[in-house]
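Fold and contact review
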Amino acid sequence: QLMRERLAALGIEQVSAIASRDLKQVSTFAEKAGYPVVLKPRAGHSSIGVVMAVDDSELYRAFQWTFALFASRDRQPTPVKLVNLSSKESGVAT
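Along each chain, residues carry numbers from 1 onward, in the same order as the chain's sequence is written. A pLDDT threshold of at least 70 governs which residues receive local features in this predicted model, and a stricter bar of 80 or more applies before side-chain atom pairs are shown or counted, although totals over entire chains, interfaces and linings include all residues. Side-chain metrics rest on all non-hydrogen atoms present in the structure, leaving aside hydrogens and water.

**Structural notes on the side chain of T66**
Tracing the backbone shows T66 in helix 3 (residues 56–74). When a residue's accessible area, from a 1.4 Å probe over protein chains only, is under 20% of the maximum for its type it is buried; when over 50% it is exposed; and in between it is partly exposed. On the basis of relative accessibility, which here comes to 0%, the residue T66 falls in the buried class. Pairs of N or O atoms are called polar contacts if they sit within 3.5 Å, as long as, within protein, a hydrogen donor faces a hydrogen acceptor (for residues adjacent in sequence, only side-chain-to-side-chain pairs). A polar side-chain atom of T66 sits 2.8 Å from the main-chain carbonyl oxygen of A62. Counting from the N terminus, the helices are DSSP H or I runs at least four residues long and the strands are E runs at least two residues long.

**Concerning helix 2 (residues 23–33)**
Of the residues making up helix 2, those classed as buried are V26, S27, F29, A30 and A33. All buried residues of helix 2 fall inside an arc of 160 degrees around its axis, so they share one side. Facing away from the buried side of helix 2, by more than 90 degrees, are the exposed residues K24, E31 and K32. Positive backbone phi, approximately 100 degrees, marks G34, located one or two places after helix 2. What the arc measures is the spread of directions leading from the helix axis to the C-beta atoms.

**So, the confidence of the model for the protein**
The predictor's confidence in any single residue is recorded as pLDDT, a number from 0 to 100. Model confidence for the protein is summarised by a mean pLDDT of 77, while 72% of its residues fall at 70 or above. For the protein, the element scoring lowest by mean pLDDT is strand 4 (residues 80–84), at 66; helix 2 scores highest, at 91. In what follows, residue pairs with any heavy atoms lying within 4.5 Å of each other are defined as contacts. Contacts from residues 88–94, a stretch scored under 50 in pLDDT, to residues over four places away or in other chains number 27 contacts.

**Here's the deal with the side chain of S20**
With respect to the secondary-structure elements, S20 resides in strand 1 (residues 17–20). Among the polar contacts made by the side chain of S20, one reaches the main-chain amide nitrogen of D22 at a distance of 2.9 Å.

**Some remarks on the nonpolar core**
Within this scheme, the nonpolar core is defined by two criteria: the residues are buried Ala, Val, Leu, Ile, Met, Phe, Trp, Tyr or Cys, and they are joined through side-chain atoms within 4.5 Å. In terms of nonpolar packing, the biggest core is built from 9 residues, these being V26, A30, V37, L39, A53, L59, A62, F63 and F67. The biggest single contributor to this core is helix 3, with 4 residues.

**Description of unusual backbone geometry**
Cis peptide bonds are those with omega within 30 degrees of zero, and the linkage from Y35 to P36 qualifies with 0 degrees. By secondary structure assignment, the location of P36 is in the loop between helix 2 and strand 2 (37–41).

In structure tokens, the structure reads:
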């Protein structure tokens, strides 16, 4: 959050992002923010489990795959961080 505040103070545009375990919330965000979007498991590290989706169909598959990947590790669905790559919407902090 501190980095976002510093970038905003400098007038640097930021990407929109949310963290969620709920497919409907993720889908609503993607519709509002625009495609493409990137899903990144919060429990992951590096680029493990990071997936880009360019439409609703890919988003659904990516979301299900991300949960399946990490559910096998801790039996709890890990939230995904969803970041949009377009400039339609910006500056939504997680």
